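The residues making up each chain are set out below.
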Amino acid sequence: MAKTPLYKPDLVIVISGPSGSGKSTVIDALCKADETLRESVSVTTRKPRRNEVDGVDYHFRSKSEFERHIAQGSFLEWAEYGGNFYGTLKSEIVAAREAGKDTILEIEVQGALQIRAQDLSPARSLFIFIIPPSFAVLKKRLRRRKTETESEVNKRLAIAKSEILEIKHYDYWVRNPQNAVQEAVEQIQTIIAAERSRIDAELIETINPLLGIDKTD
Ligand code: 5GP
């Protein structure tokens, strides 16, 4: 995905969607296709699933370590989901900016709303909600992956229904079709490309020097 030559990374791209909507797969594909996107690694008190690696999928921490982060003000946002805690470290946004990248946050709705309420300047936020093809598909996906017990799956389905009602707080929605992840990926790439081309006050102020136009021209 190309950036305009004048583009400076300043986007915090918040992606939410019900558990089982396929957002992790979509985000992995997005980051693979565009090295200027960096996915933030969240802190969670949830136990790692098989194949999940500490520091890669999440920073897996105890409840008391999580509470220490809260007390120290290290989180940009945090929330409880399905009996576990999840939070985004402020340092993740700084790390992305220092690496010259935009940040992707894969977070649930309560956390997204906390970010919505904040002024992130010099960064800006963009909110995308991923929906599954249908609720029936969501149920099937959650049960088939066998990473949660039946009661945890039911809890996630109940949360999904309430999360879908919060779509009104997002800027864009993207449907993740069955067996066609690439379609969702391309739609999000288009949204990000448009956002990167937004004209803002900083661009207006710097357009002449950036193009090498001076008073003698
Ligand atoms: P899971 O247990 O399936 O990995 O994640 C459960 C939910 O927590 C998902 O909706 C996921 O997007 C969300 N989540 C992951 N990391 C964070 C975070 O840092 N903050 C918030 N608020 N939600 C998160």
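Residues numbered from 1 in each chain as written. Predicted model: local features only at pLDDT ≥ 70, side-chain atom pairs only at ≥ 80, totals over all residues. Heavy atoms only, no water.

(A) Representation of the pattern of salt bridges in the model. Counted by the stated rule, this structure contains 16 salt bridges. A salt bridge links Glu52 to Arg49, with the nearest nitrogen and oxygen atoms 3.9 Å apart. Classification of Arg49 by relative accessible area gives partly exposed; the value is 22%. When the shortest N-O distance is used, the salt bridge between Glu148 and Arg49 registers 2.8 Å. Of the two residues, Glu148 is situated in the loop between helix H5 (135–145) and helix H6 (150–164) and Arg49 in the loop between strand E3 (43–44) and strand E4 (59–60); the sequence distance between them amounts to 99 residues. Residue Glu148 is classed as buried on the basis of its relative accessible area of 12%. (Salt bridge = Lys/Arg side-chain N within 4 Å of Asp/Glu carboxyl O. Buried < 20%, exposed > 50% of the residue type's maximum accessible area, 1.4 Å probe, protein only. Helix = DSSP H or I, 4+ residues; strand = E, 2+ residues; numbered from the N terminus.)

(B) Region of the structure containing the pairing of strand E5 (residues 75–81). Of all the seven residues making up E5, five are buried; the element is thus mostly covered by neighbouring parts of the structure. Pairing of E5 with strand E6 (residues 84–89) involves six bridges; the strand directions are antiparallel. Bridge pairing links Trp78 to Gly87 in E6. Between the end of E5 and the start of E6, which pair antiparallel, lie two residues, with Gly82 showing a positive phi angle near 55 degrees. (Pairing = 2+ DSSP bridges.)

(C) Region of the structure containing the sheet that holds strand E1 (residues 11–16). The five strands lie next to each other as E2-E7-E1-E8-E9, forming an open sheet whose pairing is parallel. Edge strands, defined here as strands with exactly one partner in the open sheet, are strand E2 (37–39) and strand E9 (172–175). When strand polarity is set aside, the average angle formed by the axes of neighbouring strands in this sheet is 25 degrees. The pairing of strand E8 (residues 124–131) with E9 spans four bridges and is parallel. The residue of E9 that forms the bridge with Ile131 is Arg175. Docked against the sheet, helix H1 (residues 23–33) engages E1, E2, strand E7 (102–106) and E8, running at close to 165 degrees with respect to E7. (Axes fitted to C-alpha atoms, helices over the stretch in contact; angles between N-to-C directions. Contact = heavy atoms within 4.5 Å.)

(D) Just the packing of aromatic side chains, in detail. Applying the stated rule across the entire model yields nine aromatic pairs. Note on Phe66 and Phe85: the rings are 5.7 Å apart at their centroids and 40 degrees apart in plane angle, and the pair reads as tilted. In this pair, Phe66 is assigned in helix H2 (residues 63–72) and Phe85 in strand E6, connecting sequence segments 19 residues apart. Classification of Phe85 by relative accessible area gives buried; the value is 14%. Through pairs of rings, three or more aromatic residues link up here, namely Tyr58, Phe60, Tyr81 and Tyr86. (Phe/Tyr/Trp six-rings, centres within 6.5 Å; stacked < 30°, edge-to-face > 60°.)

(E) Representation of the site of the ligand in the model. Around the ligand, the structure places 16 residues, and the nearest of them are Ser42, Arg46, Tyr58, Tyr86 and Glu108. For the ligand, an oxygen atom lies 2.6 Å from a polar atom in the side chain of Tyr86. One of the backbone nitrogen or oxygen atoms of Glu106 is found 3.3 Å away from an oxygen atom of the ligand. Sorting the residues of the shell around the ligand by element identifies E5 and E6 as the ones contributing at least two each. (Near = heavy atom within 4 Å. Polar contact = N/O pair within 3.5 Å; in protein donor to acceptor, adjacent residues only side chain to side chain.)

(F) Spatial organisation of the side chain of Glu108. On the secondary structure map, Glu108 appears in the loop between E7 and helix H4 (109–116). One buried charged residue, Glu108, remains without a salt bridge, the closest side chain of opposite sign being Lys23 at 9.5 Å. Of note is the side chain of Glu108, whose polar atom sits 3.0 Å from the side chain of Gln110. A distance of 2.9 Å separates a polar atom in the side chain of Glu108 from the backbone nitrogen of Gly111. Beyond its immediate stretch of four places on either side in the chain, Glu108 contacts Ser16, Ala79, Tyr81, Glu163 and Tyr170. (Lys, Arg positive; Asp, Glu negative; His and termini not counted.)

(G) Here's a closer look at the sheet that holds E3. Taking strand neighbours across the sheet as the criterion, the four strands line up as E4-E3-E6-E5 in an open arrangement whose pairing is mixed. Only two strands of the sheet have a single neighbouring strand rather than two, namely E4 and E5. Along the sheet, helix H3 (residues 90–98) contacts E4, E5 and E6; its crossing angle with E6, the most-contacted strand, is approximately 35 degrees.

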